[in-house]
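# Descriptive structure summary
Chain by chain, the residues run as shown.
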Amino acid sequence: MMDGNNRISFRDSRPVPLRNVHLTPPQKEIITNVFNSAADEDGTIELEEVEKLTAQILNGAMSDAILDIVFDLTDEKDKINLDVFLEVIEAVLSRTCNWGSLETSTHGPVGIDSLVDQVTQRAKKRGFAFNIMVAGRSGLGKTTLVNTLFRGPVIDKGIRNENSENSQTARVETRTHVIEEGGMRVKLSITDTPGFGDKINNTDCFKPVLEFLKSQHESFILADLSKKRPTRIPDSRVHALLYFIEPSAYGLKELDIAFLRSVHHLVNVIPLLAKSDGLTLEERSNAKMLVCDALDRAGIQTFPWPLPDDDDSDEETKQVIKANLPFAIVGATDVITIDGQKQRGRQTSCGFVDVDNPKHCEFSLLRDTLIRTHMLDLMDATETIRRAIFLDCVCIPNPVI
């Protein structure tokens, strides 16, 4: 849901979970002892104590989703008794496997540690679908960056539609590849938006992009709700939007703000400061600050989002990503040998730009966020947050077919 400032409330987009946990007598005894240690003479505790005691029982494994459960079940109460506290703990335990002091000890190996191998083998058999969209004005290096990310000709620079010059709106073109590495297969779909922002009048230029994003959500949800639901639904929803921003001293333009404001509730937006090697370090820092201020004033939210299973370490990692947005990037597919070492980059009159060197640009931060550390988070955010917001904003007729 969106509040009055056009910001999306993560808490409002999730329902209160069902409680399907049945506590054993020893577990209830542990919870009761923790509760009684903080209870007043009337057998109740203040609301401020609920979060503290819950964290004590779970050995500190508290995520945003768990806090939401606590808030939902204790809403409009000044104090709670033991029965309500047990209800809160049962609801919390139904959403997490971090049971802390309530975990059951075994007298020997059971074999559940093999689940890691089972999950890995299943993932290798099934593979993953990962869908990226690139948008921004022509000439900002979208094709080069994508080919740099995936170390190959994922987008052919030579493929262009000659009719694009007569079109007043952007087009949507998708190319699909299968990439395999270490036995793991990913069906990678790259959606390009040629013609975006290239006309004198760009008022409605991004409408095809907006309609495309909506249609992918609607198609997936209709298939999911169908009586003839397939075992596995092909996921064509866009998991990440790489939005390329011109490197300038003026921040975002009106088109940038209008487009991002229209789509940020439908897709995980990752803003990029394109061709940042043309800026000095001071200019780059000022440009990033201007972009962040414009996004904040417009109420545009960007990836990463808090997810139900996030813990403190996840939140810290995501704060680092947030602090570096928009990523100042440089793309280059040429490999040059310097001092006997092969490096990807571009030779300029001012020297060599190494795209993999974090001192030269933030390409490595983008690569890690998009592929190495948060690819599953992008997929999960699309399935949980984006799906809930889309269903909340759009009425789909005849959902069961």
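Structure first, text after, so check above.
Within each chain, residues carry numbers counting from 1 in the order of the written sequence. The predicted nature of this model means local features are confined to residues of pLDDT at least 70 and side-chain atom pairs, given and counted, to a pLDDT of 80 or more, with totals for whole chains, interfaces and linings taken over all residues. Only heavy atoms go into the side-chain values, all of them from the structure, while hydrogens and water stay out.

### Quick look at the overall build of the chain
In terms of regular secondary structure, the chain is built from twelve helices and eleven strands. The buried label applies to any residue whose accessible area, calculated with a 1.4 Å probe on protein chains only, is under 20% of its type's maximum; exposed applies above 50%, and partly exposed to all values in between. In the chain, which comprises 401 residues, the share counted as buried stands at 45%. The contact rule is simple, with two residues in contact once any of their heavy atoms fall within 4.5 Å. Of the contacts made within the chain by residues no fewer than 6 positions apart, 71% connect residues no fewer than 24 positions apart. Per element, the accessible surface of the chain, about 21,500 Å² overall, is 50% carbon and sulfur. To qualify as a helix, a DSSP run of H or I must reach at least 4 residues; to qualify as a strand, a run of E must reach at least 2; elements of each kind are numbered from the N terminus. Here the open area of atoms and residues is found with the Shrake-Rupley method and a 1.4 Å probe, where only the protein chains shown may cover a residue.

### A closer look at the layout of surface pockets
The method works on a 1 Å grid over the protein atoms by themselves. A cavity is a set of points holding a 1.4 Å probe that cannot get out, a pocket is an open set with protein on both sides within 12 Å along at least five of seven lines, and residues with an atom within 4 Å of a point line them. Grid points are joined across faces, edges and corners, and a volume is the space filled by probe spheres set on the points. For the largest pocket, the calculated volume is near 870 Å³. What lines the largest pocket is a set of 28 residues, among which Arg126, Gly127, Phe128, Ala129 and Arg232 lie closest to the centre. Listed by contribution, the elements that provide at least two residues to the lining of the largest pocket are α5 (115–126), β3 (128–135), β5 (184–192), α7 (207–225) and α12 (375–393). Top element by residues in the lining of the largest pocket is α5. It accounts for six residues. Under the convention adopted here, Pro, Cys and the residues Ala, Val, Leu, Ile, Met, Phe, Trp and Tyr are nonpolar, Asp, Glu, Lys and Arg are charged, and Gly plus all remaining residues are polar. Its residues assigned to classes, the lining of the largest pocket comprises twelve nonpolar, four polar and twelve charged.

### Some details on the sheet that holds strand β10 (residues 341–348)
Here a strand pair is declared whenever DSSP counts at least two bridges between the two strands. Judged by pairing direction, the sheet is antiparallel, and its three strands sit side by side in the order β9-β10-β11 without closing on themselves. The outermost strands of the open sheet, each flanked by one partner alone, are β9 (335–338) and β11 (351–354). Shown here is a sheet whose adjacent strand axes are inclined to one another by a mean of 65 degrees, direction ignored. Sheet topology note: the β10/β11 ladder contains four bridges and is antiparallel. The residue bridging Gly345 from the neighbouring strand is Asp354, located in β11. Helix axes are fitted only over the stretch in contact, all axes being lines through C-alpha atoms; the angle between N-to-C directions runs from 0 to 180 degrees.

### Quick word on the pattern of salt bridges
Each salt bridge in this description consists of a side-chain nitrogen of Lys or Arg and a carboxyl oxygen of Asp or Glu lying within 4 Å of one another. Under the defined criterion, the tally for this structure stands at 18 salt bridges. In this structure, Arg137 engages Glu246 in a salt bridge whose closest nitrogen and oxygen atoms are separated by 3.5 Å. Taken together, the positions of Arg137 in the loop between β3 and α6 (142–149) and Glu246 in the loop between β6 (240–245) and α8 (254–263) put the pair 109 residues apart, joining distant regions of the chain. Given the relative accessible area of 17%, Arg137 is considered buried. Residue Glu246 is classed as partly exposed on the basis of its relative accessible area of 26%. A single network of salt bridges, built from pairs that share partners, joins Asp40, Asp42, Glu46 and Lys79.

### Looking at the sheet that holds strand β8 (residues 327–328)
A sheet is described by the order of its strands in space; here six strands give the open sequence β4-β5-β3-β6-β7-β8, paired in mixed fashion. Both outer strands of the open sheet, β4 (173–181) and β8, are each paired with one neighbouring strand and no more.

### Observations concerning the packing of aromatic side chains
Aromatic pairing here means that ring centres of Phe, Tyr or Trp (its six-membered ring) are within 6.5 Å. Orientation follows from the plane angle: under 30 degrees is stacked, over 60 is edge-to-face, and everything else is tilted. According to the stated counting rule, one finds five aromatic pairs in the structure shown. For the ring pair Phe35 and Phe85, a centre distance of 5.5 Å and an interplane angle of 40 degrees mean the geometry is tilted. Highlighted residues: Phe35 in helix α1 (residues 25–38) and Phe85 in helix α4 (residues 82–93), separated in sequence by 50 residues. The pair formed by Phe35 and Phe85 is uniform in burial state, with each residue classed as buried. Here the basic side chain of Arg237 rests over the ring of Phe220, its NZ or CZ set 3.6 Å away from the ring centre. We count a charge as sitting over a ring when the NZ of a lysine or the CZ of an arginine lies within 6 Å of the ring centre and within 35 degrees of the ring normal.

### Focus on a positive patch on the surface
For patch detection, residues must exceed 30% relative accessible area and be free of salt bridges, and they are connected within 9 Å for like charges or within 5 Å for nonpolar side chains (Val, Leu, Ile, Met, Phe, Trp, Tyr). Under this rule, positive means Lys or Arg and negative means Asp or Glu; His and the chain ends count for nothing. In plain terms, the charge of a residue is placed at NZ if it is Lys, CZ if Arg, CG if Asp and CD if Glu. Side chains of Arg122, Lys125, Arg126, Lys187 and Arg232 sit close together on the surface and give a patch of like positive charge. In terms of residues, the positive patch owes the most to one element, α5, which gives three residues. Relative to the assigned elements, Arg126 resides in helix α5.

### Digging into the pairing of β10
Bridge count between β9 and β10: four bridges; the pairing is antiparallel. From the neighbouring strand, Ile336 faces β10, where its bridge partner is Gln343.

### A few points about helix α9 (residues 281–298)
Here the expected span of a helix is defined as 1.5 Å times the quantity of residues minus one. In a regular helix each residue adds 1.5 Å, so 18 residues correspond to 26 Å; α9 covers 26 Å between its end C-alpha atoms and thus fits that length. Those residues of α9 not exposed but buried are Arg284, Ala287, Lys288, Val291, Ala294, Leu295 and Ala298. Along the long axis of α9, the arc covered by the buried residues comes to 130 degrees, so they all point the same way. Within α9, the exposed residues directed more than 90 degrees away from the buried face are Leu281, Glu282 and Arg297. For α9, the secondary structure elements touched by its buried residues are β6, α8, β7 (269–273), α10 (312–324) and β8. It is the directions from the helix axis to the C-beta atoms that the arc portrays.

### Let's talk about a nonpolar patch on the surface
Taken together, Val110, Ile112 and Leu115 make up a surface patch of nonpolar side chains, about 330 Å² in accessible area. Structurally, Val110 is set in the loop between α4 and α5.

### Thoughts on the pairing of β4
Bridge count for β4 against β5 is nine bridges, and the pairing is antiparallel. When the bridges of β5 are listed, Arg175 appears paired with Ile190. Between β4 and β5, which pair antiparallel in sequence order, lie two residues; one of them, Gly182, sits at a positive phi of approximately 60 degrees.

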